[in-house]
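Chains, contacts and geometry: an overview
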Amino acid sequence: MRDETLLDTLKRRGISRRGFLKFCATTASMLALPPAMAAEVAAALGKVRRPAVIWLSFQECTGCTESLTRAHSPSIESLIFDAISLDYHHTLQAASGHAAEEAREHSMKQDWGNYLLLVDGSIPLKDDGVYSTIAGISNLQMLKDAAAGAAAIVSVGTCAAYGGLPHANPNPTGAVSVSEIIKDKPIINVPGCPPIPAVLTGVLAHYLTFGAIPDLDDLGRPKAFFGESIHDRCYRRPFYDQGKFAKTFDDEGARNGWCLFELGCKGPTTHNACATTKWNGGTSWPVQSGHGCLGCSEPDFWDGGSFYKALSTPISPVTGAAAAAVAIGAAAGVAIGLANRQTKAAAKAAHQKATIADLEK
Amino acid sequence: MNGLNGIGVKVVHVGGNGNAHAVLREIEARLQLLVEKGEEGSIDLSGLPLMPEDYDLLEETLGEGEVVAEVHSLGPTRIHETGIPGVWWVTHYNSDDEVLAEFIEVAWCPEILLTPEDDVKDGLEALRARLFELNPKSPLGGAPSLDL
């Protein structure tokens, strides 16, 4: 079982060649690859071995796991989960207590250097990490031990990727992201609060298919899903371009489906796949339901000011040049190398309207 | 998705966002490639955000053709040729009838409808095995073997 490829797994389950073709076409679509890449997906699936996966949950709310278990295309995504060997996940596994921890240790030993480590939740560092422990082991220690033998790490959700809610001001537990602790392994960030299930399975499918991690942006996110902003792919974007904005949640503009920018939509500064992949089996997504984007896949979205203030308004009243300089410095530190974000942060601090040209940079 | 039907939501559509026109132009370009070079192609409909009106416009513009087919593997896949010959609408569903992926294929025949070569070879063996069961005495199942 451990040595079989995904193609073997599919064959064993009696999937026909047409079914395999469908699987590849759907996977290519999920990975946002051009349809012509389906043939390459098929070729790659015949070669890649079934990886072991260890999933560690730290300072989190289990929302990421909840999201994932509601992945909407059971037949395809269950195949992907059949194709991995999920050896430890303390919420989903039947074993508990010593047996559970033994399973983790056994899997780590057996696949040392080769397993994929998935982490959700942030890691508290204050007071020796005493604020979150599993089986008496601090999250910090467990992460370090498990990361040492991992081929790659996937930070699932905004907490693991950027610290998330536990990291929000005043951060009482000293929570940090995985990437602030582990520096010597490839880390794929799949942020979102929670992440879109199809995006996580897409990342796993990519790893399974090509045996390598996908192309990442400068915040460690797979470009296939986080390469464009919500705003770029928003079906309400044409209204933004026409200057048609809802001013309140119940005015005529809101009823006509106009742009929610002035109601605080963070779409222009948020990179995620909600606008195309949508939620709940493609039923809808926040903007389609009439509410602006909260920006949940971006670092420090909890500390970004009101969810209901337009991006062009400052986070807090700016009293002097020193405060503005601090605000710019802090914002720039978060968004290293992202000139467009810095422009927007500067615009926020100086209380200027961000122009369309700024947003499109 | 059953629960959604129980929620009293009044859906008001306010018009498409214009992306259907882009898809239609891409179909035109691909169809020209098929005619001139015999090159087949496919468009993933999840690539551009389309509103219900955009789907309506796509469907109305392309129309209905002569062929409707369904493949049952990993849930149904429904295929129909549009009113523009060579332009096929292929929708993959899962076993719960939810859409997994949707493509416009510009091709002589969508790949998923063609019988895979290996399946044909397996089929020949399966047929011979069945003929052998009918008449175990002959190595080829008793039927006169034809040199094709």
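Residues numbered from 1 in each chain as written. Chains lettered and ligands numbered in written order. Predicted model: local features only at pLDDT ≥ 70, side-chain atom pairs only at ≥ 80, totals over all residues.

**Comments concerning the nonpolar core**
General note: in soluble globular proteins, nonpolar side chains tend to be found buried as a group. Residue and element names in this part refer to chain A. In terms of nonpolar packing, the biggest core is built from 101 residues, with Ile54, Leu117 and Val119 touching the most fellow members. A per-element tally of this core places helix H10 (residues 197-210) first, with eight residues. Excluding its chain neighbours within four sequence positions, the residues that come into contact with valine 119 are Leu56, Phe58, Leu143, Ile153, Ser155, Val156, Ala160 and Val178. (Core = buried A, V, L, I, M, F, W, Y, C linked by C-beta atoms within 7 Å. Buried ≥ 20, exposed ≤ 12 C-beta atoms within 10 Å, placed from the backbone. Helix = DSSP H or I, 4+ residues; strand = E, 2+ residues; numbered from the N terminus. Contact = placed C-beta atoms within 7 Å.)

**Some points on the confidence of the model for chain B**
The predicted model of chain B averages 85 in pLDDT, with 83% of residues at 70 or higher. If you check the scores for this complex, the pTM reads 0.72 and the ipTM reads 0.77. (pLDDT = per-residue confidence, 0-100.)

**What to know about helix H2 (residues 52-62) of chain B**
The α-helix winds at 3.6 residues per turn, so residues separated by three or four positions along the chain end up facing the same way. Residue and element names in this part refer to chain B. Turning to H2, its buried residues are Asp54, Leu58 and Leu62. For H2, the buried positions fall inside an angular range of 55 degrees around the axis, keeping them on one side. Of the residues in H2, the exposed ones pointing more than 90 degrees away from the buried face are Pro52 and Glu60. In this structure, the buried side of H2 is in contact with helix H1 (19-37), strand E3 (76-82) and strand E4 (87-93). Downstream of H2 by a residue or two, glycine 63 has a phi angle that is positive, lying close to 75 degrees. (Arc of directions from axis to C-beta.)

**A look at the environment of A:Arg104**
All names here are of chain A. As for its position among the elements, arginine 104 is in helix H6 (residues 97-110). By the C-beta count within 10 Å, which is 23 here, arginine 104 ends up buried. Residues arginine 104 and alanine 94, spaced ten residues apart in sequence, show a C-alpha to C-alpha distance of 13 Å. Setting aside its immediate chain neighbours within four residues, arginine 104 contacts Ile54 and Tyr88.

**Details of the domain arrangement of chain A**
All names here are of chain A. Segmentation of chain A into domains returns domain 1 (50-225) and domain 2 (230-359). Broken down by secondary-structure element, the contributors of at least two residues to the side of domain 1 that touches domain 2 are helix H8 (157-162) and H10. Among the residues forming the side of domain 1 that touches domain 2, the class breakdown is ten nonpolar, four polar and two charged. (Domains from an automatic or database assignment. Nonpolar A, V, L, I, M, F, W, Y, C, P; charged D, E, K, R; others polar.)

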